[in-house]
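# A closer look at the structure
Each chain, written out:
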Amino acid sequence: MNKNIFIILVSASALIYGCSDDKAADKTPATPAAAPQYTLATAEKRSVEQVYKLPAQLAAYQEVSIFPKVNGYVKSVLVDIGSHVAAGQLLMVLEDPELEQAAAQAREKYYQTVSSYTISRENYERLRQASKTPGAISPMDLATARSKTEADSALCNAEKAAWQQQQVMLAYLKVTAPFKGVITQRNVHPGALVSAEGKDGKPMLELKDVDRLRLQVSIPESMAGTLRGNDTISFYLSSFPGKRFVGHIARKSMNINQQYRSEPVELDVYNQDEKLSPGMYADVLFDSKGNPNALAVPKTAVVTSTERKYVIVIRDGKTARVDVSTGNEGSSLIEVLGDLRPGDQVVASANDEIKEGVALK
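My aim in this report is to walk through the structure given alongside it, one point at a time. None of the values given here were measured: they were computed from a predicted structure. (Residues numbered from 1 in each chain as written. Predicted model: local features only at pLDDT ≥ 70, side-chain atom pairs only at ≥ 80, totals over all residues. Heavy atoms only, no water.)

## Remarks on the pattern of salt bridges
We count it as follows: We define a salt bridge as a side-chain nitrogen of Lys or Arg found within 4 Å of a carboxyl oxygen belonging to Asp or Glu. Only DSSP runs of H or I with at least four residues qualify as helices, and only runs of E with at least two residues qualify as strands; both kinds are numbered from the N terminus onward. We call a residue buried when its accessible area falls under 20% of the maximum for its residue type, exposed when it is over 50%, and partly exposed in between, using a 1.4 Å probe and counting protein chains only.
Enumeration according to the criterion identifies 18 salt bridges in this entry. In this structure, glutamate 266 and arginine 251 form a salt bridge, with 2.9 Å as the shortest nitrogen-oxygen distance. With glutamate 266 in strand 13 (residues 262-270) and arginine 251 in strand 12 (residues 244-252), the pair connects residues that are 15 residues apart, well separated along the chain. The exposure class of glutamate 266 is buried, given its relative accessible area of 17%.

In structure tokens:
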């Protein structure tokens with residue numbers, strides 16, 4: 001019996017001691033959570049240089065597809081693919097018997113009107129001389145002769161113009177080169193019938209000037225504003241692996257393509273040795289100097305989500321999200337534009353888990 005009473009007393013003492021410990025624990029003040037600490041970086045006003053690799057293509061400085069001006073048969077073709085021609089050189093000769101007959105008829109009509117005009121003018125001159133004698137020639141006869149002379153003169157001029165027009169059409173039977181270049185395409189042979197309407201859509205010949213080429217490249221809108229005339233740009237051709245070529249910006253289109261948001265730019269590439277050919281693919285290395293009005297921050301400071309792009313700035317000791325747009329990227333820095341000032345402190349390694357208004361230690 002005494003043993004049971006002892007066990008009950010010990011249990012009660014343990015229960016009372018546990019309760020007193022819980023109350024003591026409740027009275028102990030809670031330790032406040034430590035303020036978060038982040039590595040900060042300073043936004044600096046500077047541009048970031050970046051080398052872009054852009055696709056480009058070589059094109060002839062001048063090129064033309066030669067179509068027939070008149071209907072006819074191909075009499076002779078004096079050039080072939082790869083032929084080097086000079087400006088004004090004869091390339092092809094066409095023949096059109098109907099056109100030649102029309103030119104001959106126009107010539108005869110002109111000579112006929114010249115004869116009629118000569119007789120009318122002679123008759124008028126004689127009547128005018130005779131009219132000096134009072135009563136010899138009536139004024140009406142003199143006016144009629146003068147009017148006929150003027151009409152024959154106008155008709156003579158009209159027939160002359162018609163004959164000259166036929167001569168111009170005959171000149172189209174001889175096809176000449178409009179500029180110096182190389183024949184790159186030939187689609188006709190002697191005896192072929194060619195039409196001025198171009199029903200088949202194929203040119204008779206294609207001529208390209210390859211002594212100087214155009215390197216055509218589209219510069220993204222974000223970089224187009226940094227381009228300057230005569231800037232030097234390096235490029236590489238897949239046909240010449242490892243060989244570096246250099247060109248200079250010669251022309252800017254001054255227009256942004258609405259579909260691709262880029263500006264077409266052309267470089268002049270001199271090709272006197274004719275090693276390069278129009279149509280070759282090129283990789284252009286464009287050294288962008290960057291935006292002088294931008295601020296540079298670490299690349300890890302920019303947070304990109306599906307809705308926005310921002311950096312986390314420390315203002316009044318608290319975090320704040322500031323929307324930015326980005327520009328050139330270097331190995332560690334990136335250009336940003338937004339509501340930022342030089343010297344602002346940003347979180348160097350930012351992420352979307354960092355909320356706004358968080359006080360820093």
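## Some words on the packing of aromatic side chains
Our working definition: Any two rings among Phe, Tyr and Trp, with Trp reduced to its six-membered ring, count as a pair given centres within 6.5 Å; such a pair is stacked if its planes are under 30 degrees apart, edge-to-face if over 60, and tilted if neither. Comment: the charge-over-ring label is applied if NZ (Lys) or CZ (Arg) is within 6 Å of the ring centre and within 35 degrees of the ring normal.
Counted under the stated rule, the structure contains five aromatic pairs. Centre to centre, the rings of tyrosine 110 and tyrosine 111 are 5.7 Å apart; their planes meet at 40 degrees, and the pair counts as tilted. Site record: aromatic cluster; members linked through ring pairs are Tyr110, Tyr111 and Trp163. Its end group placed over the ring of tyrosine 310, arginine 308 keeps NZ or CZ at 4.8 Å from the ring centre.

## Quick notes on the sheet that holds strand 9 (residues 193-194)
The following threshold applies: DSSP bridges decide pairing: two strands pair if at least two such bridges lie between them.
Taken together, four strands build an open sheet; the order of strands is 7-6-4-9 and the sheet is antiparallel. Pairing within the sheet leaves two strands with one partner each, and these edge strands are strand 7 (174-176) and strand 9. Pairing geometry for strand 4 (residues 72-77) and strand 6 (residues 90-95), over four bridges, is antiparallel. Among the inter-strand pairings, serine 76 is bridged to a residue of strand 6, identified as valine 93.

## Topic: the environment of aspartate 287
What counts is decided by this rule: In this analysis, two residues are considered to be in contact whenever any of their non-hydrogen atoms come within 4.5 Å of each other.
For aspartate 287, the location among the structural elements is in strand 14 (residues 281-288). On the basis of relative accessibility, which here comes to 34%, the residue aspartate 287 falls in the partly exposed class. As for aspartate 287 and aspartate 231, which are separated by 56 residues in sequence, their C-alpha atoms are 9.7 Å apart. Dropping the residues within four chain positions of it, aspartate 287 is found in contact with Glu49, Gln50 and Val51.

## Comments concerning the nonpolar core
What counts here: Residue types Ala, Val, Leu, Ile, Met, Phe, Trp, Tyr and Cys, when buried and joined through side-chain atoms within 4.5 Å, form a set referred to as a nonpolar core.
Residues Leu58, Leu215, Val217, Ile219, Phe235, Leu237 and Leu276 are the most contacted members of the largest nonpolar core, which totals 26 residues. Those elements giving two or more residues to this core turn out to be strand 3 (50-66), strand 10 (205-220), helix 4 (221-224), strand 11 (232-237), strand 12, strand 13 and strand 14. Per element, the largest residue contribution to this core is five residues, and it comes from strand 10. When neighbours within four sequence positions are excluded, isoleucine 219 is seen to be in contact with Leu54, Ala224, Leu227, Ser262, Glu263 and Val265. With 20 residues, the next largest nonpolar core counts Val74, Val188, Val194 and Leu207 among its residues.

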